[in-house]
Amino acid sequence: MSFELLRVKEIATGEPIRSPKDVSKFVSENMEEEALVDRECFWILHLNARNQVIEKELTAIGCVNACLVRPADVMRKAVINGTVAVIAVHNHPSGNAEPSQEDHQLTERLKNSCEILGIQLLDSVVIAAGGKVKSIMR
């Protein structure tokens, strides 16, 4: 009798992300180009048990001032990767990193979805040109 185990993605890079300061530093250093995109896009950073990034996934592409994000699309890859925690990141092409009411609502939906699956939502941030990073959860 033989069986196969699901291989969990485990190609970790960089230092562990343990605090809001770490989130801001990682995003500022690794997502400069993403902040300049001309339409709203939504990424998920997948983290392992040591809080190291194992994947940066583009989950949605929208228009200049909106992006439709389904929590199911976010959670699918997290489950496949064996992700322990996620960080949600999206850009504001306007250059204003202040979260909108819709950003807060989406973050709450993602937080609830993560909780059901036992995956931690470490942070949800908005990025904009000039290295601006603003957390929606703090």
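This write-up is about the structure you can find in this document. Worth saying up front: this structure is predicted, and the values here are computed from it rather than measured.

**Section: the state of the cysteines**
Right, so step 1: Following the criterion strictly, the structure yields 0 disulfides and no others.
Right, so step 2: The closest cysteine sulfur to the non-disulfide-bonded Cys 41 is located on Cys 67, 6.3 Å from its own sulfur.

**Overview of the pairing of strand E5 (residues 132–135)**
Right, so step 1: Bridge count between strand E4 (residues 120–128) and E5: 4 bridges; the pairing is antiparallel. Within E5, the position partnered with Val 126 by the bridge is Lys 134.
Right, so step 2: A loop of 3 residues connects E4 with E5, the two strands running antiparallel in sequence, and Gly 130 in this loop sits at a positive phi of about 85°.

**Some points on helix H4 (residues 101–117)**
Right, so step 1: Over its 17 residues, H4 extends 25 Å from the first C-alpha to the last, a length consistent with the 24 Å expected when each residue adds 1.5 Å.
Right, so step 2: In the core, the buried residues of H4 are packed alongside strand E1 (41–47), helix H3 (71–81), strand E3 (85–91) and E4.
Right, so step 3: Once H4 ends, the next one or two residues include Gly 118, with phi positive near 75°.

**As for the pattern of salt bridges**
Right, so step 1: All chains considered together, the criterion is met by 7 salt bridges.
Right, so step 2: Asp 73 is the partner of Arg 76 in a salt bridge, and the nearest nitrogen-oxygen pair spans 3.1 Å. One end of the pair, Arg 76, and the other, Asp 73, are both in helix H3, 3 residues apart, so they sit about a helical turn from each other.
Right, so step 3: Of the residues examined, Arg 76 reaches a relative accessible area of 49% and is grouped as partly exposed.
Right, so step 4: Given the relative accessible area of 22%, Asp 73 is considered partly exposed.
Right, so step 5: Each of Arg 70, Asp 73 and Arg 76 takes part in a single network of salt bridges with overlapping partners.

**Focus on the layout of surface pockets**
One simple way to see leftover space: roll a probe sized like a water molecule over the atoms.
Right, so step 1: Quantified by volume, the largest pocket comes out at close to 260 Å³.
Right, so step 2: Lining the largest pocket are 16 residues, with Glu 40, Cys 67, Glu 102, Asp 103 and Leu 106 positioned closest to its centre.
Right, so step 3: Secondary structure elements with two or more residues in the lining of the largest pocket: E1 and H4.
Right, so step 4: Size it by volume and the second largest pocket reaches roughly 180 Å³.
Right, so step 5: Lining the second largest pocket are 10 residues, and of these Glu 15, Asp 22, Lys 25, Phe 26 and Glu 29 lie nearest its centre.
Right, so step 6: Along the lines of polarity and charge, the residues of the lining of the second largest pocket split into 3 nonpolar, 3 polar and 4 charged.

**Here's the deal with the sheet that holds strand E2 (residues 53–61)**
Right, so step 1: Strand order in this open sheet of 5 strands is E2-E1-E3-E4-E5, and the pairing throughout is mixed. The sheet is open, and its two borders are formed by E2 and E5, each paired with just one other strand. Along the sheet, successive strands turn relative to each other by an average axial angle of 25°, direction set aside.
Right, so step 2: Sheet topology note: the E1/E2 ladder contains 7 bridges and is antiparallel. When the sheet's bridge partners are listed, Leu 47 is paired in E2 with Val 53.
Right, so step 3: Here helix H1 (residues 20–30) sits on the sheet in contact with E1, E2, E3, E4 and E5, set at roughly 45° to E4.
Right, so step 4: Contacting E1, E3 and E4, H4 crosses the sheet at an angle of about 155° to E4.

Calculation criteria
Residues numbered from 1 in each chain as written. Predicted model: local features only at pLDDT ≥ 70, side-chain atom pairs only at ≥ 80, totals over all residues. Heavy atoms only, no water. Disulfide = S-S within 2.5 Å. Pairing = 2+ DSSP bridges. Helix = DSSP H or I, 4+ residues; strand = E, 2+ residues; numbered from the N terminus. Expected span 1.5 Å × (residues − 1). Contact = heavy atoms within 4.5 Å. Salt bridge = Lys/Arg side-chain N within 4 Å of Asp/Glu carboxyl O. Buried < 20%, exposed > 50% of the residue type's maximum accessible area, 1.4 Å probe, protein only. 1 Å grid on protein atoms, 1.4 Å probe; cavity = no way out; pocket = protein on both sides within 12 Å on 5 of 7 lines; lining within 4 Å. Points joined across faces, edges and corners; volume = space filled by probe spheres on them. Nonpolar A, V, L, I, M, F, W, Y, C, P; charged D, E, K, R; others polar. Axes fitted to C-alpha atoms, helices over the stretch in contact; angles between N-to-C directions.

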